[in-house]
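If you want the building blocks of each chain, they are given just below.
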Amino acid sequence: MPTDEQAPWSAIILAAGEGTRMNSSRPKVLHAIAGRPLVSWVVGTALEAGAARCLVVVGHGRAEVERELAETFGARVEVVLQSEQRGTGDAVRCAMESDPALSGRVVILYGDCPLIPESLIRSLVEQSQAAKANLGLVTATLPTPDGYGRIVRDGRGAVARIVEDCDCSDEEKKINEVNPGLYDVDAGFLRDAIRQLTSDNAQGQRYLTDVVELAARRGDVVSVAADMADLMGVNDQRDLAICAARRRRRIAETLAKKGVAITDLDALYVDADCQVEGGASLGAQVHLRGKCVVRQGASVDVGCVLTNVVVEANALILPYTVATDSTIGEGASVGPFSHLRRQSKLGPRSKVGNFSETKKTTLGEGSKVNHLAYVGDGIIGKGVNIGAGTIFCNYDGEQKHTTVIGDDVFVGSDSQLVAPVTVERGAYIASGTTVTRDVPEDSLAVGRAKQENKEGYAARLRARLRRKKR
Ligand code: UD1
Ligand code: CA
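The structure displayed is predicted, hence computed values, not measured ones.

Topic: the overall build of the chain
So, point 1. Scanning the chain from terminus to terminus reveals nine helices and 42 strands.
So, point 2. For 470 residues, the compact-globule estimate of 2.2 N^0.38 gives 23 Å, and the chain exceeds it by more than 25% at 31 Å.
So, point 3. Residue burial in the chain is summarised as follows: out of 470 residues, 48% are buried.
So, point 4. When the accessible surface of the chain is totalled, it reaches about 22400 Å², and 47% of it is carbon and sulfur.
So, point 5. Across the chain, the mean location of the 58 positive side-chain charges is 10 Å away from that of the 60 negative side-chain charges.

Have a look at this one:
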């Protein structure tokens, strides 16, 4: 929300470009860092900084970009079409022409700069409004400025114009002060200035950056220095990986500051929409993707990959567990090497151990699936023990069926439960049984060949085999 002394302002975000340098069929601005597409980072930051309106210029891959924006921001974003990508100046023209009534101040951002801090937008708006300048822009200094537009200053040190990297003379190439691409402009001035842009340059495009020279001629530019580390743009996969690492590090630091115990700030992969409570701990190489929640006292150990998983308080996720769209109850224990597939709901203090797989299954309070089991499409009550190697045979080749297990049932090792089947409370399944019929309460189900012992047979057999060998 705009502060009292600040006039309301609109944001224009440019996101129509193709991004050929990404070498990908996906539109550039939809590449994600920390689980959120580039353009959504920028839009989110503009809204947080107080934009009263947010116009996003789309073009390349517009249907996909529009869908993402609508899903994430709904009516808070207005989409403008730039049908042909004729340059950043042309993109801004499309936005301004989409609403002839748009007035006041306009903040322009590029949809491929996902690290911009909200505080920098606020401070640019404040400073250019205080100076009553037609145009305010951010600049930054870089040891290797390659690729960025350079800031050309006049003899008195005032900003005179911006030269694009490919239009630079040898002298201009050496300038270290660059244009990160964040502007605050008076709408009336902007409307007039974009009409004057030409495509008389190396790329044959209408450059937004030429607007700076038009303002500078009137002595009407304010510049704000900032740190380039926060402002880097994404043009290729390398830039994307660098930005992603920076964003992840920021997320890890924020979590650590609020009391999450983190083994390695540089080896934690938590998406932006995950929530981790103070007092939880996260080991190295842990990935929390999508919308995970990890509550207080819970621990997610080395190498776990959780996607949309809720980990309740004091639960323990041991190393190398993979879980998706599932809930892990309070004080439960999972792993090492467990695989929880979609709709697994583990009750409080339940246990899923090594090499066990669950899918679409509820496991009641205190129940255990400790070793090498597959439980799919199951409804399992409280205090149940599922022995090692148990399989819920849920698929008949055409359809999936449900296995229902009552409270306090004991399923012996290496049993198969052929669904649909129900085992009522307190029943006992002998090891190695294939259960094909329902088992009544408190009964024993045993289905296996009778054992026969032939005394002395082993010794005689060994002797015979050894004679043969000689
Ligand atoms: C631009 C700046 C450059 C600056 C750099 C910072 C211009 C002319 N140059 O260069 O001075 O240093 O960003 O990262 O502005 N876009 C459209 N429509 C178009 C062209 C681009 O919407 O017709 C969008 C792209 O989707 C992208 C953004 O504008 O999000 C920037 O375009 P890009 O081609 O990446 O500009 P740079 O060459 O990086
Ligand atoms: Ca760029």
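From this point, the narrative continues.
Topic: the domain arrangement of the chain
So, point 1. For the chain, the assigned domains are domain 1 (9-230), domain 2 (258-352) and domain 3 (356-450).
So, point 2. Computed over C-alpha atoms only, the centres of domain 2 and domain 3 are separated by 26 Å.
So, point 3. Every contact between the two is made by 16 residues of domain 2 and, on the other side, 16 residues of domain 3.
So, point 4. Here domain 2 meets domain 3 over a buried area of about 1300 Å², counting both sides, of which 46% is carbon and sulfur.
So, point 5. Looking only at domain 2, the three residues that lose the most surface to domain 3 are Arg 341, Lys 351 and Val 352, adding up to 36% of its buried area.
So, point 6. Counting across the domain 2 and domain 3 interface gives two salt bridges.

Re the sheet that holds strand β31 (residues 368-369)
Within a sheet, adjacent strands bond to each other through the backbone by hydrogen bonds, running parallel or antiparallel.
So, point 1. Reading across from one edge, β13-β16-β19-β22-β25-β28-β31-β34-β37-β40-β42 is the order of the 11 strands in this open sheet, with parallel pairing throughout. The sheet is open, and its two borders are formed by β13 (261-262) and β42 (444-445), each paired with just one other strand.
So, point 2. In the sheet, strand β37 (residues 410-411) pairs with strand β40 (residues 428-429) via two bridges, with the strands oriented parallel. Opposite Val 411, over in β40, you have Ile 429 as the bridge partner.

Things to note about a positive patch on the surface
So, point 1. The grouping of Arg 460, Arg 462, Arg 464, Arg 466, Arg 467, Lys 468, Lys 469 and Arg 470 at the surface amounts to a positive patch.
So, point 2. Examined against the element boundaries, Arg 466 turns out to sit in helix α9 (residues 457-469).

Comments concerning the site of ligand 1
So, point 1. Neighbouring residues of ligand 1: 23 residues in total, closest Gln 82, Thr 88, Tyr 110, Glu 164 and Asn 179.
So, point 2. One of the backbone nitrogen or oxygen atoms of Ala 16 is found 2.9 Å away from an oxygen atom of ligand 1.
So, point 3. At a separation of 3.4 Å, an oxygen atom of ligand 1 approaches a polar side-chain atom of Asn 235.
So, point 4. At the level of secondary structure, the elements contributing two or more residues to the shell around ligand 1 comprise β1 (9-15) and α3 (88-98).
So, point 5. Among the residues making up the shell around ligand 1, the classes are represented as eight nonpolar, 10 polar and five charged.

Observations concerning the sheet that holds strand β30 (residues 361-363)
So, point 1. As summarised here, the arrangement of the nine strands in space is β15-β18-β21-β24-β27-β30-β33-β36-β39, forming an open sheet in which the pairing is parallel. Each having just a single partner strand, β15 (275-276) and β39 (421-423) make up the two edges of the open sheet.
So, point 2. Two elements, strand β36 (residues 403-405) and β39, share three bridges in a ladder whose sense is parallel. Across the sheet, the residue bridging to Ile 405 is Val 423, located in β39.

What to know about a nonpolar patch on the surface
So, point 1. A cluster of nonpolar side chains, Tyr 320, Phe 337, Phe 355 and Leu 372, forms an exposed patch at the surface whose accessible area comes to about 440 Å².
So, point 2. In this fold, Phe 355 is placed in the loop between β28 (351-352) and β29 (357-359).
So, point 3. Taking the relative accessible area as the measure of exposure, Phe 355 reaches 51% and is therefore exposed.

A look at the coordination of the calcium ion (ligand 2)
So, point 1. Donor atoms from the polypeptide that bind the calcium ion (ligand 2) are Asp 112 (OD) and Asn 235 (OD1), placed at 2.4 to 2.5 Å. Of this pair, Asp 112 sits in the loop between β6 (105-110) and α4 (118-130) while Asn 235 is found in the loop between β12 (221-225) and α8 (237-257), placing the two residues 123 residues apart along the sequence.

What about α3?
So, point 1. If you check which residues of α3 are buried, you get Gly 89, Asp 90, Ala 91, Val 92, Cys 94, Ala 95 and Met 96.
So, point 2. For α3, the elements touching its buried residues are β1, β4 (53-58), β5 (78-81), β6 and α6 (187-195).

Examining the pattern of salt bridges
So, point 1. Enumeration according to the criterion identifies 27 salt bridges in this entry.
So, point 2. Measuring nitrogen to oxygen at the nearest pair gives 3.9 Å for the salt bridge that ties Arg 86 to Asp 90.
So, point 3. With a relative accessible area of 1%, Asp 90 lands in the buried category.
So, point 4. The residue Arg 150 makes a salt bridge to Asp 165 at a minimum N-O spacing of 2.8 Å. Of the two residues, Arg 150 is situated in strand β8 (residues 150-153) and Asp 165 in the loop between β9 (159-163) and α5 (170-173); the sequence distance between them amounts to 15 residues. An identical accessibility class is assigned to Arg 150 and Asp 165; each is buried.
So, point 5. The structure contains a network of salt bridges with shared partners spanning Glu 84, Arg 86, Asp 90, Arg 93 and Glu 97.

A short note on the pairing of β5
So, point 1. Bridge count between β4 and β5: four bridges; the pairing is parallel. When the bridges of β5 are listed, Val 56 appears paired with Val 79.
So, point 2. Viewed along the sheet, the connection from β4 through helix α2 (residues 62-73) into β5 turns out right-handed.

Parameters and conventions
- Residues numbered from 1 in each chain as written.
- Chains lettered and ligands numbered in written order.
- Predicted model: local features only at pLDDT ≥ 70, side-chain atom pairs only at ≥ 80, totals over all residues.
- Heavy atoms only, no water.
- Helix = DSSP H or I, 4+ residues; strand = E, 2+ residues; numbered from the N terminus.
- Rg over C-alpha atoms; globule rule 2.2 N^0.38 Å.
- Buried < 20%, exposed > 50% of the residue type's maximum accessible area, 1.4 Å probe, protein only.
- Areas by Shrake-Rupley, 256 points an atom, 1.4 Å probe, with all protein chains shown as cover.
- Lys, Arg positive; Asp, Glu negative; His and termini not counted.
- Charge placed at Lys NZ, Arg CZ, Asp CG, Glu CD.
- Domains from an automatic or database assignment.
- Contact = heavy atoms within 4.5 Å.
- Buried area = accessible area lost by both parts, 1.4 Å probe.
- Salt bridge = Lys/Arg side-chain N within 4 Å of Asp/Glu carboxyl O.
- Pairing = 2+ DSSP bridges.
- Patch = residues over 30% accessible without salt bridge, like charges linked within 9 Å, V, L, I, M, F, W, Y side chains within 5 Å.
- Near = heavy atom within 4 Å.
- Polar contact = N/O pair within 3.5 Å; in protein donor to acceptor, adjacent residues only side chain to side chain.
- Nonpolar A, V, L, I, M, F, W, Y, C, P; charged D, E, K, R; others polar.
- Donors = N, O, S within 2.8 Å, 3.2 Å for Na, K, Ca; no water.
- Right-handed = clockwise from strand over helix to strand, strands pointing away.

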